[in-house]
2 protein chains.
Amino acid sequence: MGQELPVTSYAVLGLLTFGDELTGYELKQRADRTLRFYWVAPAMSQIYTELARLSDEGLVAPRGEGRRTTYAITDDGRRRLARWLEESPVGFPVLKHPVALRLLIGHLVKPAVTVAMLRSHLRALDEEILALREVRASLEGADAPGQPFRHPSLVADWGLAHFTQERATIEDLIRRLEEE
Amino acid sequence: MGQELPVTSYAVLGLLTFGDELTGYELKQRADRTLRFYWVAPAMSQIYTELARLSDEGLVAPRGEGRRTTYAITDDGRRRLARWLEESPVGFPVLKHPVALRLLIGHLVKPAVTVAMLRSHLRALDEEILALREVRASLEGADAPGQPFRHPSLVADWGLAHFTQERATIEDLIRRLEEE
DNA sequence: TGTAGCATGTAAGCCGTTACATGATTGA
DNA sequence: TCAATCATGTAACGGCTTACATGCTACA
């Protein structure tokens, strides 16, 4: 016990710090709803792998027999997360942006192809913004300083600002490409 | 020949569409300088793996014997890239943002810890902005519509806007956290 | 009664990293 | 002449995905 865990382990563990205990299945849903915006949405099978590992390390405690096992974070888990936050190096964000990648080599295709791609990305962005707004709305009422969803709501606001700005940039790019 | 390649293959291949031919070593440098901002900076060994694969598929042509082999994109490679741009689904960006992830569970540590992390990220951002500005500056003079670095400069501008906006958001977050 | 959602896993395999290994060339 | 940089690979392995497999429960 005690080796360095992959960041995704901490991410999953972090999802259990909001006062409830969840099944693997529910954890996957929470990850899809929130974590996916700034980390990843691990595959179902990956969630179970993480839960097994976290369990082995005593960072979560399974409860319930047979089908439908829920997991709660332990005191050790909470301490371990806090230590991770305090001591481990943070690292710079990694962005894998297929739209930017394709724009880079836009000289290989007709401008209309690039513009169509950007428009399609705009639609995808709108959907993401909508989904994130819903998440943000669901945190309202418990998002003041000191309340349980304070930090999640800060992150959600950040995400919304990010998407909104990207939306504006894409629109600007379309404009510039169409002028040519 | 002709199976779907991983996106990173296309990314590496794309770096060879700017009129020059490079060694694996030089390709790595170019990736570190530019690709890393919106895709990844593949490890040296990965570059060589990609070059072997692209070579097998006839998308790049090696030139030069023994030590120091340069690679140029072939006509097939250019066609393949164009087809990829036109036909394959684009996919939404994936962001792995350790700062956002840690902010999410900020309730586990003293506010000062979170603020310190954000400040440190601010410094990292400044370095990235500086590096990207240099890249952008190096494209000047060939960045007008129709010129070879038109698209790379569009992407660089986008990246700068993105980092600048993130910088402002982080400063705002620090302000909000310090008010408490 | 049957279909969608809940729930839990195993196996194979790809992508990519780190570590290791080797040697030539250039310039202080 | 010695260190930094250029240059090219191989091996082991970790993280994560996709595909496969199984079965219960709620509800229309």
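Just so you know, these numbers come straight off a predicted model, no measurement behind them.

1. A closer look at the overall build of chain A
Right, so step 1: Scanning chain A from N- to C-terminus turns up seven helices and four strands.
Right, so step 2: Going from the N terminus to the C terminus, chain A shows its helices and strands as α-β-α-α-β-β-α-β-α-α-α.
Right, so step 3: A compact globule built from 180 residues would reach a C-alpha radius of gyration of about 16 Å, whereas chain A, at 20 Å, exceeds it by more than 25%.
Right, so step 4: Looking at the 180 residues of chain A, the share that counts as buried comes to 51%.
Right, so step 5: A separation of at least 24 residues holds for 58% of the contacts in chain A among residues at least 6 apart in sequence.

2. Description of the domain arrangement of chain A
When the parts of a complex come together, some accessible area is lost, and that lost area is often taken as the interface size.
Residue and element names in this part refer to chain A.
Right, so step 1: Domains assigned within chain A are domain 1 (7–87) and domain 2 (98–178).
Right, so step 2: Between the C-alpha centres of domain 1 and domain 2 the distance comes to 27 Å.
Right, so step 3: Listed per partner, the contact involves six residues of domain 1 and 10 residues of domain 2.
Right, so step 4: In total, domain 1 and domain 2 occlude about 620 Å² of area from one another, counting both sides; carbon and sulfur atoms represent 69% of this.

3. A look at the packing of aromatic side chains
Residue and element names in this part refer to chain B.
Right, so step 1: Across all of its chains, the model carries eight aromatic pairs over all chains by this definition.
Right, so step 2: Summarising the aromatic geometry, the rings of tyrosine 10 and tryptophan 84 are spaced 4.4 Å apart at their centres and angled 5 degrees between planes, so their arrangement reads as stacked. Of the two residues, tyrosine 10 sits in helix H1 (residues 7–14) while tryptophan 84 sits in helix H4 (residues 75–87), which places them 74 residues apart along the sequence.
Right, so step 3: Classification of tyrosine 10 by relative accessible area gives buried; the value is 2%.

4. Focus on the environment of B:Val155
Right, so step 1: For B:Val155, the location among the structural elements is in helix H7 (residues 150–178).
Right, so step 2: Spatially, the C-alpha atom of B:Val155 lies 8.9 Å from that of B:Tyr38, the residues being 117 residues apart in sequence.
Right, so step 3: For B:Val155, the residues in contact, after removing those within four places along its chain, are A:Ala100, A:Leu103, A:Leu104 and B:Tyr38.

5. Side note on the relation of the copies chain B and chain A
Right, so step 1: Relative to chain A, chain B is turned by 180 degrees and slid 0.0 Å along the rotation axis, the superposed coordinates differing by an RMSD of 0.0 Å. Such a turn and shift between the copies fits a two-fold axis. No C-alpha of chain B lies nearer the rotation axis than that of B:Leu95, which sits 2.3 Å from it.
Right, so step 2: Interface overlap between copies: 100% of the residues of chain B at the interface are likewise at the interface in chain A, consistent with a symmetric, same-surface contact.

6. Here we look at the pairing of strand S2 (residues 60–63) of chain B
Right, so step 1: Pairing of S2(B) with strand S3 (residues 70–73) of chain B, which is carried by four bridges, proceeds in the antiparallel orientation. Within S3(B), the position partnered with B:Arg63 by the bridge is B:Thr70.

7. Some points on the protein's contact with DNA strand C
Right, so step 1: Around DNA strand C there are 21 residues in total, and A:Tyr25, A:Tyr48, A:Arg68, B:Thr8 and B:Ala43 lie nearest to it.
Right, so step 2: If you look at DNA strand C and keep only atoms within 4 Å of the protein, 71% of those are sugar or phosphate atoms.
Right, so step 3: Measuring from a phosphate oxygen of DNA strand C, one finds a backbone N or O atom of A:Thr69 at 2.9 Å.
Right, so step 4: In the model, a sugar or linking oxygen of DNA strand C is placed 3.4 Å from a nitrogen or oxygen of the B:Arg67 side chain.

8. Here we look at the protein's contact with DNA strand D
Right, so step 1: Near DNA strand D there are 21 residues, and of these A:Thr8, A:Ala43, B:Tyr25, B:Arg68 and B:Thr69 occur at the shortest range.
Right, so step 2: The contact atoms of DNA strand D, taken as those within 4 Å of the protein, divide so that sugar and phosphate hold 71%.
Right, so step 3: A distance of 2.9 Å separates a phosphate oxygen of DNA strand D from a polar side-chain atom of B:Tyr48.
Right, so step 4: Of all the elements in the fold, those that place two or more residues in the surface near DNA strand D are helix H3 (44–56) of chain A together with helix H2 (24–33) and helix H3 (44–56) of chain B.
Right, so step 5: When its residues are assigned to classes, the surface near DNA strand D shows seven nonpolar, eight polar and six charged.

9. Considering helix H2 (residues 24–33) of chain A
All names here are of chain A.
Right, so step 1: Every buried residue of H2 is accounted for by Gly24, Leu27, Lys28 and Ala31. The arc that holds the buried residues of H2, viewed along the axis, is 105 degrees, so those residues lie on one side.
Right, so step 2: Looking at the buried positions of H2, the neighbouring elements they touch are helix H1 (7–14), strand S1 (22–23) and H3.

10. As for the packing of helix H6 (residues 111–139) of chain A against helix H7 (residues 150–178) of chain A
Residues and elements named next belong to chain A.
Right, so step 1: Packing of H6 against H7 brings their axes to within 9 Å, and their N-to-C directions diverge by 160 degrees. Accordingly, the angle class assigned to the pair H6 and H7 is roughly antiparallel. The crossing of H6 and H7 is left-handed.
Right, so step 2: Residues that form the contact of H6 with H7 fall into these classes: 15 nonpolar, five polar and 10 charged.

11. Some thoughts on the environment of B:Leu101
Right, so step 1: With respect to the helices, strands and loops of the structure, B:Leu101 is situated in helix H5 (residues 98–104).
Right, so step 2: Its relative accessible area of 2% is what places B:Leu101 among the buried residues.
Right, so step 3: In this structure B:Leu101 touches A:Val7, A:Ala11, A:Leu35, A:Tyr38, A:Trp39 and A:Trp84, once residues within four positions along its chain are discounted.

Reading the values: rules and limits
- Residues numbered from 1 in each chain as written.
- Chains lettered and ligands numbered in written order.
- Predicted model: local features only at pLDDT ≥ 70, side-chain atom pairs only at ≥ 80, totals over all residues.
- Heavy atoms only, no water.
- Helix = DSSP H or I, 4+ residues; strand = E, 2+ residues; numbered from the N terminus.
- Rg over C-alpha atoms; globule rule 2.2 N^0.38 Å.
- Buried < 20%, exposed > 50% of the residue type's maximum accessible area, 1.4 Å probe, protein only.
- Contact = heavy atoms within 4.5 Å.
- Domains from an automatic or database assignment.
- Buried area = accessible area lost by both parts, 1.4 Å probe.
- Phe/Tyr/Trp six-rings, centres within 6.5 Å; stacked < 30°, edge-to-face > 60°.
- Least-squares fit on C-alpha atoms with pLDDT ≥ 70 in both.
- Pairing = 2+ DSSP bridges.
- Near = heavy atom within 4 Å.
- Polar contact = N/O pair within 3.5 Å; in protein donor to acceptor, adjacent residues only side chain to side chain.
- Nonpolar A, V, L, I, M, F, W, Y, C, P; charged D, E, K, R; others polar.
- Arc of directions from axis to C-beta.
- Axes fitted to C-alpha atoms, helices over the stretch in contact; angles between N-to-C directions.
- Parallel < 35°, antiparallel > 145°, perpendicular 65-115°, else oblique.
- Left-handed = near helix turned anticlockwise from the far one by under 90°.

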